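Listed here are the chains, written in short residue letters.
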Amino acid sequence: MRSPRTLLLLLLLPTVLAFKPSDFKTCSQSGFCRRGRALAARAQESLSSWHSPYSIEPPEFLKLNPRQPAFTTNVHSSIHPNIKFVLDVMIHEDGIVRVRMDEENGLRKRYNEAAQWALIGEPLLSEDVLWTIKGGKAKAVYGAKKDMELVVDFNPLKITLFRGGKEQVVLNGRSLLHMEHFRTKEDSKLAEHIEGEGQSVLQVNSAAWFEGDTQDAFWEETFSTWTDTKPKGPESLSLDITFPNHAHVYGIPQHATNLSLPSTTGPTAKYTDPFRLYNADVFEYLSDSPTSLYGSIPLMHAHSATSTVAVFNAIASETWIDIAHVEKGGVETHWISESGILDVFLLPGPTPTDVFAQYAYLTGTAPLPAQWSLGYHQCRWNYVSSDDVRGVQNKFDEEDFPVDVFWLDIEYAEDHKYFMWNKKTFPDPVEMTKDVEAVERKMVIIVDPHLKRSNDYPVYKRASELGVLVKPKSGEGEYEGWCWPGSSSWIDFFHPGSWDFWISLFKTKTIDGQWSWTESTDNIGIWNDMNEPSVFNGPEITMPKDNVHYGGWEHRDVHNINGMLFANHTFQAAEARTDPPRRPFVLTRAFYAGSQRFGAMWTGDNLGTWEHMAVGIKMVLANGVGGCLLLGVTDVGGFFGNPEPEMLVRWYVVGAFSPFFRAHAHIDTKRREPYLLEEPYKSLVRDILRLRYSMLPVWYTAFRETSENGVPILRPQYMMFPKDEAGFGIDDQYYIGSSGLLVKPEVSVYIAEDQVYYDYFTNHAHRPKNRRITLPANLDQIPLLIRGGSIIPTRERPRRSSPLMKYDPFTLRIALDTSGNAHGEVYLDDGETYGYGRGDVVWRGFGAESKKGKGKGIGTVRISSADRAARTQVGVYDPKNEFARSVGDVRVEKLVVLGLGKKPLSVVLDGGRELEWEFTSGGVLVVKDPAVRVVDDWAVVVKLE
């Protein structure tokens, strides 16, 4: 039963379980966005007479040292000649270009720390650059093939990246660059009539042609009942970024829209508003909208059949992005941000894989997750007691449903004081958690960023004493807002004094007499929700922009980074609970560039509808473009609503083929744990869960790869087949890593190549001639294909949780391609520690090589296993490392070979005995128990002639 306080807070929520457009600004309600769009409109109306007021001084010193990789020069503004700007142009390793522009010696300082939080370090400068200056521009030639050129035009200022003489990215090509300088109210007077002696004198505003002739929301702005005081005045940044030869753009998550981003302006516009990046708590968000959601990553990829490039705009303030697909096949974008410096990285590609590696070089990759986190997670708001949790676990076991994690939402906490258990309902939290852990399962507990303002709450009391809480606009005291506990304050994670304090809270033993979460265990995962931040009585359900953070920065400057810092320090705190540390699990709702380094994300408060299920796939693919990799089409079933059993089964399929797989539901929904379903739905979901668990080796192996190169786990068509234009807009099917598994939750699958694909369940070989495969749509049939040339490692023994599978044998599905060859891999480690960094791993590469026989067909197929770790120098690697010894008896129990075409004459272990096998009428060879170990080199020879 819900407490009266919870009922009251539900009534105070800004939405009543429905998206209310009036809760969130449109561009027309945002002063700086209006100004940015008005600027673009003036440029459009002026056509050829429009020009940029910004120019730079020729960097003469480049003549003295034409091989320096960077230069700094002054920027002149013809409309504000007394305002000083400075431009930095840097060429880094991997061909990445960084362009920075800031106001110099202004009345105030623009926020310039966004990149500091996003990057893993300052990127190294290139050592292979040659500059020349000629005809009013500077040109740098660089790259291994000397095919990269960066051209900086002096007047007007324009920066263009070329590859092979072809334009890739253009900055300020449409002359929309505008950095609003700091000023006083007196300085900002525009054209006005001065009366005197019967005459009316017009004071001319020489900047009006460019900036407009009105002070639109310069010094104050009201939205609904809230007023933003804007003490610094106007400081927005406008920048046009054009991709002249790329027809598709992707990224800038998080939005519920197509993967290939549609136009927001021009004749092909799908939406009337720009895409917005402003982390927001959006209930029941629309399934097709440019509205901002929970995370903001200012990264955009542009793709064509000849190249892929990207821009990372390191800005932390609210940003609106207009997109226009132009007739000549390019894309024009216009980025309008409320504050901050210009700090743009150009990622030159030229392939999708290259771009992901370049972004990972800047912001890092996702770490290898704890292996148990790839299992199934069961959650709802809320499991109401210790007995409830135990009862749910018992029912999962009684009904033979695998599960790895049980979650607790906010009602576990007394008066929503996080870390503090409600002892009436959870009298034995440690014992309850250990009961779950006894069968190798885990608990995840929610810890939100708002702290109940109560002196009997040790977390708030200590934070207040340390002075590490966010301040109101006055810069004094503590900001007070309203969230689940009622009156609340928020820790300022930009404040260095908060970091060690936060880490100390998660210790399971008291240290130096300071309060910590002793009623927990070292294995508990953490769920960081509401960290946009969500403030029930704030403007747009978030914190006022004129609140003050550490260093004097306003909240408007850092809003989109705020949630990442909360998850960052929670990750560090969970990691520091043990020595040596173990891999923590942290789920965050809000995120920014670099958040992939600190855990998992999800698609937020979705609805139990077909539309939200479908757009969830697109959102996960888009988030992958943004570097967010441990992410899922969650909440499975929809957070809101009561889906019918058929929809729920379909949603479990979608969830099972997402990296992060969690079912979750609102407090007002019916219980929908899978064991509550009637038949046949119950058995269907059980089979889906077992399928997920059998394929955990595929998922974990995919994470090993992405932890190194940053390429997403889920890969849409344009990544897999970057030259196939027909696939650039496809966003309802995807491949899982490099495994060769192709997932399509619908029945018609697009195939981009002349290759055989096999049905995962029936082994039927599809050889599409019209690039389409139609699969059955029955509820008990999952559209899952194996690409010819792939080897899929699985573990087929049903277990209650994933750690119990550690010693289970492997099955290898060997799907021969049209040439009779295949390859694959499996990666294993202990799944919990960082021992893999010391080389405590098993990483095997599998191959199938065919040799032609006397006729046209295959004569022999040699299936083998080799040590990939030894070849790639993983850590200080020893094939007989501690982990390898611990799984030394794990064997391969079955080989399933697809695509042989005819019955073998013999199947033998290379250099050894004849193996037991059978060949089905469908052309499938099954080798039973070859008695080979997964840690060993071995080969099986199939003789057909």
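Residues numbered from 1 in each chain as written. Predicted model: local features only at pLDDT ≥ 70, side-chain atom pairs only at ≥ 80, totals over all residues. Heavy atoms only, no water.

With respect to the overall build of the protein
At step 1: Broken down by element type, the protein carries 17 helices and 51 strands.
At step 2: Principal-axis analysis of the C-alpha atoms places the extent of the protein at approximately 110 × 70 × 50 Å.
At step 3: Within the protein, the fraction of its 945 residues that count as buried is 63%.
At step 4: For the protein, the accessible area works out to roughly 34,800 Å², and carbon and sulfur atoms hold 50% of it.
At step 5: With 101 positive and 121 negative side-chain charges, the protein shows a separation of 5 Å between the mean positions of the two kinds. (Helix = DSSP H or I, 4+ residues; strand = E, 2+ residues; numbered from the N terminus. Buried < 20%, exposed > 50% of the residue type's maximum accessible area, 1.4 Å probe, protein only. Areas by Shrake-Rupley, 256 points an atom, 1.4 Å probe, with all protein chains shown as cover. Lys, Arg positive; Asp, Glu negative; His and termini not counted. Charge placed at Lys NZ, Arg CZ, Asp CG, Glu CD.)

Things to note about the state of the cysteines
At step 1: Taken as a whole and judged by the stated rule, the model has one disulfide.
At step 2: The disulfide partner of cysteine 27 is cysteine 33, and the gap between their sulfur atoms is 2.0 Å. Taking the torsion about the sulfur-sulfur bond, which here is approximately -100 degrees, the covalent link between cysteine 27 and cysteine 33 counts as left-handed.
At step 3: On the basis of relative accessible area, cysteine 33 is assigned to the buried category, the value being 0%. (Disulfide = S-S within 2.5 Å.)

A word on the packing of aromatic side chains
At step 1: The final tally for this structure, using the stated rule, is 50 aromatic pairs.
At step 2: Ring geometry for phenylalanine 71 against tryptophan 131: centres 5.3 Å apart, planes inclined by 75 degrees, an arrangement best described as edge-to-face. Of this pair, phenylalanine 71 sits in strand S2 (residues 70–77) while tryptophan 131 sits in strand S5 (residues 129–134), and the two are 60 residues apart along the sequence. With respect to class, phenylalanine 71 is no different from tryptophan 131; both count as buried. (Phe/Tyr/Trp six-rings, centres within 6.5 Å; stacked < 30°, edge-to-face > 60°.)

Let's talk about the pattern of salt bridges
At step 1: The tally for this structure, following the rule as stated, stands at 66 salt bridges.
At step 2: Note that glutamate 673 and arginine 671 form a salt bridge whose closest N and O atoms lie 3.9 Å from each other.
At step 3: The class of glutamate 673 is buried, set by a relative accessible area of 2%.
At step 4: Residue arginine 671 is classed as partly exposed on the basis of its relative accessible area, which comes to 34%.
At step 5: Because the salt bridges share partners, they merge into one network encompassing Asp228, Lys232, Glu235, Arg276, Glu318, Glu338, Glu540, Lys545, Glu554, Arg556 and Asp557. (Salt bridge = Lys/Arg side-chain N within 4 Å of Asp/Glu carboxyl O.)

Section: the sheet that holds strand S23 (residues 376–378)
At step 1: Spatially, S32-S31-S30-S29-S25-S24-S23-S33 is the arrangement adopted by the eight strands of the open sheet, whose pairing is parallel. Single-partner strands in this sheet number two, and they are strand S32 (631–632) and strand S33 (661–663).
At step 2: As paired elements, strand S25 (residues 442–446) and strand S29 (residues 525–528) share three bridges and run parallel to each other. Considered in S29, the bridge of valine 444 is made with glycine 525.
At step 3: Across the face of the sheet, helix H7 (residues 429–437) comes into contact with strand S24 (405–408) and S25 while running at roughly 135 degrees to S25.
At step 4: Sheet strands in contact with helix H12 (residues 645–656) are S23 and S33, and its direction is about 150 degrees off that of S33. (Pairing = 2+ DSSP bridges. Contact = heavy atoms within 4.5 Å. Axes fitted to C-alpha atoms, helices over the stretch in contact; angles between N-to-C directions.)

Regarding the packing of helix H13 (residues 681–694) against helix H14 (residues 696–709)
At step 1: In the contact formed by H13 and H14, the axes pass within 4 Å of each other and the chain directions differ by 45 degrees. In terms of orientation, H13 lies oblique with respect to H14. Judged by residue contacts, Arg692, Tyr693 and Ser694 of H13 engage Leu696, Pro697 and Trp699 from H14.
At step 2: Of the residues that constitute the contact of H13 with H14, the class distribution is four nonpolar, one polar and one charged. (Parallel < 35°, antiparallel > 145°, perpendicular 65-115°, else oblique. Nonpolar A, V, L, I, M, F, W, Y, C, P; charged D, E, K, R; others polar.)

Regarding helix H11 (residues 610–625)
At step 1: End to end, H11 covers 24 Å across 16 residues, agreeing with the expected 22 Å (1.5 Å per residue, within 8%).
At step 2: H11 sits mainly inside the fold: twelve of its 16 residues count as buried.
At step 3: Buried within H11 are the following residues: His612, Met613, Val615, Gly616, Ile617, Met619, Val620, Leu621, Ala622, Asn623, Gly624 and Val625.
At step 4: Looking one or two places after H11, you find glycine 627, whose phi comes out positive at around 90 degrees. (Expected span 1.5 Å × (residues − 1).)

Notes on the sheet that holds strand S18 (residues 299–303)
At step 1: In space, the eight strands of this open sheet follow the order S1-S2-S3-S4-S22-S19-S18-S16, with antiparallel pairing throughout. Both outer strands of the open sheet, strand S1 (54–56) and strand S16 (248–251), are each paired with one neighbouring strand and no more. When strand polarity is set aside, the average angle formed by the axes of neighbouring strands in this sheet is 20 degrees.
At step 2: Of the strands in this sheet, S18, strand S19 (308–313) and strand S22 (342–347) are in contact with helix H5 (residues 352–363), which crosses S19 at around 25 degrees.

Concerning the packing of helix H9 (residues 497–505) against helix H10 (residues 555–575)
At step 1: Across the interface, H9 lies against H10 with an axial gap of 8 Å and an inter-helix angle of 50 degrees. Overall, the two elements H9 and H10 adopt an arrangement that is oblique. Handedness of the H9/H10 crossing: right-handed. Side by side, H9 and H10 meet where Trp499, Trp502 and Ile503 of the first sit next to Phe566, His569, Thr570, Gln572 and Ala573 of the second.
At step 2: Split into classes, the residues belonging to the contact of H9 with H10 amount to five nonpolar, three polar and no charged. (Left-handed = near helix turned anticlockwise from the far one by under 90°.)

Concerning the side chain of glutamate 554
At step 1: Among the structural elements, glutamate 554 can be located in the loop between S29 and H10.
At step 2: For glutamate 554, a relative accessible area of 5% puts it in the buried group.
At step 3: One polar contact links glutamate 554 to arginine 556, side chain to side chain, over a distance of 3.0 Å.
At step 4: With sequence-adjacent residues up to four places away left out, glutamate 554 is seen in contact with Pro231, Lys232, Glu235, Lys545, Asp546, Asn547 and His549. (Polar contact = N/O pair within 3.5 Å; in protein donor to acceptor, adjacent residues only side chain to side chain.)

Remarks on the pairing of strand S45 (residues 842–852)
At step 1: Counting buried residues in S45 gives eight out of eleven residues, a clear majority hidden from the surface.
At step 2: Across seven bridges, the pairing between strand S44 (residues 822–828) and S45 is antiparallel. Counted as the bridge partner of tyrosine 827 is tryptophan 843 from S45.
At step 3: In terms of strand pairing, S45 meets strand S46 (residues 858–867) through nine bridges, oriented antiparallel. Along S46, the bridge assignment pairs glycine 847 with serine 864.

Considering the pairing of S19
At step 1: With six of six residues buried, S19 is to be regarded as a mostly interior element.
At step 2: Neither face of S19 is left uncovered, since the one carrying Thr308, Ala310 and Phe312 and the one carrying Val309, Val311 and Asn313 both have all their residues buried.
At step 3: Pairing geometry for S18 and S19, over five bridges, is antiparallel. Each residue of the ladder has a partner; that of histidine 301, found in S19, is alanine 310.
At step 4: Taken together, S18 and the strand that follows it, S19, pair antiparallel across an intervening segment of four residues.
At step 5: Sheet topology note: the S19/S22 ladder contains four bridges and is antiparallel. Among the inter-strand pairings, alanine 310 is bridged to a residue of S22, identified as leucine 347.

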